[in-house]
Amino acid sequence: QVLKALFYIFFLGHFLACLMFYVCNDMSNRANGPTWIDYNKIDSASLAVKYLRCIYAVFNIVCSVGYGDMFPMTDFERIWFSTLIVIGDLLFALAFGLITKLTL
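Every value quoted in this text rests on a predicted model; they were computed, and no experiment measured them.

A.B. asks: Help me understand the side chain of Asn40, please; the structure alone is not making it clear to me.
C.D. replies: Tracing the backbone shows Asn40 in the loop between α3 (36–39) and α4 (47–62). For Asn40, the residues in contact, after removing those within four places along its chain, are Arg53, Asp69 and Met70.

A.B. asks: Mind showing me how you'd approach the nonpolar core here?
C.D. replies: Generally speaking, a soluble globular protein has its nonpolar side chains buried in company with each other. Counting residues in hydrophobic clusters, the biggest one holds 19 residues, and the most contacted among them are Met20, Trp36, Val58, Trp80, Phe81 and Leu84. Setting aside residues no more than four positions away along its own chain, Phe81 makes contact with Met20, Cys24, Trp36, Ile61, Met70, Phe71 and Pro72.

A.B. asks: Honestly, α4 in this entry has me stumped. Any pointers?
C.D. replies: Residues that lie three or four places apart on an α-helix share one face, since the helix turns once every 3.6 residues. Its 16 residues place the ends of α4 22 Å apart at the C-alpha level, agreeing with the 22 Å of an ideal helix rising 1.5 Å per residue. Taken together, the buried positions of α4 are occupied by Lys50, Cys54, Ile55, Ala57, Val58, Asn60, Ile61 and Val62. Looking one or two places after α4, you find Ser64, whose phi comes out positive at around 55 degrees.

What counts and what doesn't
Residues numbered from 1 in each chain as written. Predicted model: local features only at pLDDT ≥ 70, side-chain atom pairs only at ≥ 80, totals over all residues. Heavy atoms only, no water. Helix = DSSP H or I, 4+ residues; strand = E, 2+ residues; numbered from the N terminus. Contact = heavy atoms within 4.5 Å. Core = buried A, V, L, I, M, F, W, Y, C linked by side-chain atoms within 4.5 Å. Buried < 20%, exposed > 50% of the residue type's maximum accessible area, 1.4 Å probe, protein only. Expected span 1.5 Å × (residues − 1).

Geometry only, nothing functional implied.
Here it is, written out as structure tokens:
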């Protein structure tokens, strides 16, 4: 069960990281000024670096760690980051609910 849960967490993290790069790299978002991608200078980086930074940011946001090194720059990114925070809250609520159900 633990391996299955880890698989789902990493699959969701992968999906959200790819979606994050797409959302933050969208040209309509970039028309509003510099984006998260511009600030972190990953636009010209290799695909591996882009993926690593995006998945790091997603897990950082979803787990509500909030080191402050990754932050939204445009309103559209603020909406996206807020959505990730809500997803993280829902995942933690689900996880704690399942743990409580298993221990009763």
